[in-house]
Amino acid sequence: MAINNAFRALKQEDLTADNSTTSITQLPANILEAFIPGYSVISKFLLDALGFDITLLVSVCFLVFGLATSLTFAWKHAYRQFEEYFMSFILINSDDDIHDHIMEWLASQKISRTSRKLMAKTGRENAWDMIDGAATEPELDPDNFMNFNNWDAKVPPRFQPSFGSHRFFHKGHFFQFKREEKQVMNGGWPIMRDEENITLTCIGRSTEPIKNLIKEARDFYLEKEKSCTVVRRPSPKEQRGRGRSVWMKVATRPSRPIDTVVLEHDKKNRVLADINEYLHPSTPRWYANRGIPYRRGYLLHGPPGTGKSSLAWAIAGVFGLDIYCISLVDTNLTEEDLGMMFNALPRRCVVLLEDIDAAGLNKRQETEETEKDKSEDAAAKIGAEITKAFKSVQKTDKNKEGITLSGLLNAIDGVASHEGRVLVMTTNFPDKLDEALIRPGRIDMKVEFTNATHSQIYELFIRMYSPDGSAKVVPEQYKFEPNQSVKDNLPRPLFNGSISNGTIHHQFTKETLEHGNINGSIPNGNMHKSKILTPPDTPIQMSTPESTSIEDLASEFARRLPADVFTPAEIQGFLLTRKKEPARALREVTVWKDSVLEAREKKALAKAEATG
Ligand SMILES: Nc1ncnc2c1ncn2[C@@H]1O[C@H](COP(=O)(O)OP(=O)(O)OP(=O)(O)O)[C@@H](O)[C@H]1O
């Protein structure tokens, strides 16, 4: 009996032990059934068909999954707590320049090669990349033309860390870089826009390592763009405001060297010296001590194509300033926007207001109209009043979305306005501008641009044909005596183009100047005279001891054109189409001059006829 009881107890124990084993490695069938409907039927079917019980396998999978989920949850929670109490972060919005600095820097770091989460960007080359030889060389087709077929596809893509979290070590510090994009309301429902933020996090309760990293990224970026001018324009209307920048970067281009602006040296130097003094760190105090608003405006005026915008760009390049361009004819620009834009300007920059005469900011007519009114009788006066009122309503409507003179003056004189900034306005018609706009305090220096003088023509020629585009200062002895001709002094031996080290050495003789008889060929077939092709890698070296110097050609060229008749842009356009053929330019300039003058005359006649 006792043995029987013990045996039963043992059996019971065995059963219990069996049960406990089942509960660890095998989940009860009813639990599995709850997760996988029809599980018992499937497992029974598989047991019958294959003689294999899948319960153990499924249970293990469930347990591993459960464990992994719990561990992930616990890790995330613990990491969040750690992040909260032992980490620091800095948030950067994509509107800010720092965003570009960081992304550019990261693209050059190891993380952009090793990360498993990358974003590929088509490596669109900037036209200026060619300058540094950074750009990929295009292929030449059998006719020696460059072939840009599928050019963008040939440029290697750029890689950046993609959206999500990335971790990396830099200079002994651990960083987490998180890039997120979300949709936010743009002004009001239902217009949405994408907003991108990046968060940089580091271990420790100080943000100093992140600040250092941002500084490093900024220095890296600025070093790359050292000799470039950043161009900004107003952001699209729907993106302005709400903490978003009202300015957006539209381009970065190589700074324009000041010598490339062909202008009387005195004029150029006067402007540069004035701006230099204005931007000096001690100048704001000087202005403040005297209670004078710290600002300076420049009006560049003259016919179209005489170099006004070019000078503004060159000024930005000389002083390493970004250029902020505003077009007052932009109908999307309101006075409120304009005020916001002036207030959002950085401490130092060039603000370029182009063609202000085209913006409807013409001289006010009031005085004129009042004078006229005085001489009219009462009935006419009433009529005039009605017309005036009607016109003013029309004017208000028309300018609802545009800028009025008072709006512009308010922006210029605004609270923060452009203190410390260089304000440059350009116009083709200075006489049309309202006195209020150009009074001292708003415009402090006026620079007149004219059609090309003889010395400008000379310099434009030299600049076009000297190997590196640099022109020597117009020589003192260079005098444009009406009867002086260097042509008569040109050496006479026949030209024979010679080539050494793949470079064509042109020599110009009187005959080549007169008849264009340049004989040149390249043995490797790069240049075929019949196709008038010049290989891309053949800089022209013009002057050799026996040849006519480029200065002589320039003098003769300038002599053949009248002064103050053609704009520098016109002359540049003419030279550009003969950019490697100074002799041809000299040969053809007289014909060109006559044809342009004739066309002008015809146009003037047609206009006169049309106006009766
Ligand atoms: N004085 C100059 N020196 C060098 N290049 C010039 C000069 N004037 C004009 N150019 C050339 O002509 C082109 C037009 O010049 P730019 O835009 O500066 O003229 P602008 O006076 O501002 O004309 P607009 O009044 O039509 O805006 C540019 O390619 C520029 O390089």
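Residues numbered from 1 in each chain as written. Predicted model: local features only at pLDDT ≥ 70, side-chain atom pairs only at ≥ 80, totals over all residues. Heavy atoms only, no water.

Under an unreviewed UniProt entry, the name given to the chain is P-loop containing nucleoside triphosphate hydrolase protein, and the organism recorded is Lepraria neglecta. Listed under Catalytic activity (unreviewed entry) in UniProt, the entry text for the chain is "ATP + H2O = ADP + phosphate + H(+)". Taken from UniProt, the Sequence similarities (unreviewed entry) comment for the chain reads in full: "Belongs to the AAA ATPase family. BCS1 subfamily." (UniProt positions renumbered as here; feature names shortened; annotations may be inferred.)

Caption draft 1: Expanded view of the confidence of the model for the chain. Here the chain averages 75 in pLDDT, and 68% of its residues register 70 or above. Low confidence marks residues 362–376, where pLDDT is under 50. Its contacts with residues over four positions away, or in another chain, come to 18 contacts. Low confidence marks residues 475–546, where pLDDT is under 50. Its contacts with residues over four positions away, or in another chain, come to 129 contacts. For this predicted complex, the interface confidence reaches an ipTM of 0.98, while the overall pTM sits at 0.65. (pLDDT = per-residue confidence, 0-100. Contact = heavy atoms within 4.5 Å.)

Caption draft 2: Representation of the environment of Ile550. Inspection of the secondary structure assignment puts Ile550 in helix H19 (residues 550–560). Sequence separation between Ile550 and Ala583 is 33 residues, and the spatial gap between their C-alpha atoms is 9.6 Å. (Helix = DSSP H or I, 4+ residues; strand = E, 2+ residues; numbered from the N terminus.)

Caption draft 3: Examining the site of the ligand more closely. Neighbouring residues of the ligand: 16 residues in total, closest Val262, Gly305, Lys308, Ser309 and Ser310. Separating an oxygen atom of the ligand from a side-chain N or O atom of Arg256 is a distance of 3.1 Å. Residue Val262 places a main-chain N or O atom 2.7 Å away from a nitrogen atom belonging to the ligand. Relative to its unbound accessible area of 620 Å², the ligand is 79% covered by the protein chains. For the shell around the ligand, the elements supplying multiple residues, two or more each, are helix H11 (308–319) and helix H20 (568–576). Class assignment of the residues belonging to the shell around the ligand gives a composition of 6 nonpolar, 8 polar and 2 charged. (Near = heavy atom within 4 Å. Polar contact = N/O pair within 3.5 Å; in protein donor to acceptor, adjacent residues only side chain to side chain. Areas by Shrake-Rupley, 256 points an atom, 1.4 Å probe, with all protein chains shown as cover. Nonpolar A, V, L, I, M, F, W, Y, C, P; charged D, E, K, R; others polar.)

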